[in-house]
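If you want the building blocks of each chain, they are given just below.
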Amino acid sequence: QVQLVESGGGLVQPGGSLRLSCAASGIVFRLYAMGWYRQAPGKQRELVASINSGGSTNYADSVKGRFTISRDNAKNTVYLQMNSLKSEDTAVYYCNADLFTVKPGTGYWGQGTQVTVSS
């Protein structure tokens, strides 16, 4: 059984930082690309950051320079370090796992964790 469990969400002030974690089980973690998606109210789900099985990363323009995705294969965990947070970052953040590369229509999903950036 595949499980992705996100944690680390919460309330933070603009300019603050938050670190999200996603612990995976039921997959050969090192073979999977991992992604962080988010969905804000009234907006489409968007891919925020991804890291493939070889370690290469990609970021949405809106978070480039502020967010960092990383993985620890020994812990079967992917992280999203979020710095300089803005109110526009408020969303439910979802962890995704897909074989080798993040791609549409396949993969596994976590339950999501709420991130709220507000004064």
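See the structure printed just above.
Predicted model, so just to flag it, every value in this text is computed and none were measured.

Caption draft 1: Up close: the sheet that holds strand β1 (residues 3-7). Taken in spatial order, the four strands of this open sheet run β1-β3-β8-β7, and their pairing is antiparallel. Strands with a single pairing partner mark the edges of an open sheet, and in this sheet they are β1 and β7 (67-72). Geometrically, the sheet is characterised by an average inter-axis angle of 15° between neighbouring strands, direction not taken into account. By the bridge criterion, five bridges tie β1 to strand β3 (residues 18-25) in an arrangement that is antiparallel. Paired with E6 across the strands is C22, a residue of β3.

Caption draft 2: The nonpolar core, seen in detail. By size, the foremost hydrophobic cluster in this structure holds 29 residues, and its most contacted members are M34, W36, F67, V78, L80, M82 and Y93. Looking at this core, the elements with two or more residues in it are β3, β4 (32-39), β5 (46-51), β7, β8 (77-82), β9 (91-99) and β11 (113-117).

Caption draft 3: Quick peek at unusual backbone geometry. Unlike most non-glycine residues, N76 shows phi in positive territory, near 50°. Among the secondary structure elements, N76 is positioned in the loop between β7 and β8. Although it is not a glycine, S84 adopts a positive phi angle of roughly 50°. As for its placement among the helices and strands, S84 is situated in the loop between β8 and β9.

Caption draft 4: Representation of the pairing of β4. Of all eight residues making up β4, seven are buried, and the element is well covered by its neighbours. Both β4 and β9 contribute to a ladder of eight bridges, which runs antiparallel. Paired with W36 across the strands is C95, a residue of β9. Where β4 folds back on β5, the antiparallel hairpin that results is connected by six residues, among which G42 adopts a positive phi of roughly 75°.

Caption draft 5: Main features of the state of the cysteines. In total, this model carries one disulfide according to the counting rule given. The disulfide partner of C22 is C95, and the gap between their sulfur atoms is 2.0 Å. Given an S-S torsion of about -85°, the disulfide between C22 and C95 has left-handed geometry. Of the two residues, C22 is situated in strand β3 and C95 in strand β9; the sequence distance between them amounts to 73 residues. Across the pair, exposure class does not vary: C22 and C95 are buried alike.

Caption draft 6: Structural detail: the side chain of S50. When you line up the elements, S50 lands in strand β5. In this structure S50 comes out as buried when scored by relative accessible area, which is 10%.

Procedures and definitions
Residues numbered from 1 in each chain as written. Predicted model: local features only at pLDDT ≥ 70, side-chain atom pairs only at ≥ 80, totals over all residues. Heavy atoms only, no water. Pairing = 2+ DSSP bridges. Helix = DSSP H or I, 4+ residues; strand = E, 2+ residues; numbered from the N terminus. Axes fitted to C-alpha atoms, helices over the stretch in contact; angles between N-to-C directions. Core = buried A, V, L, I, M, F, W, Y, C linked by side-chain atoms within 4.5 Å. Buried < 20%, exposed > 50% of the residue type's maximum accessible area, 1.4 Å probe, protein only. Disulfide = S-S within 2.5 Å.

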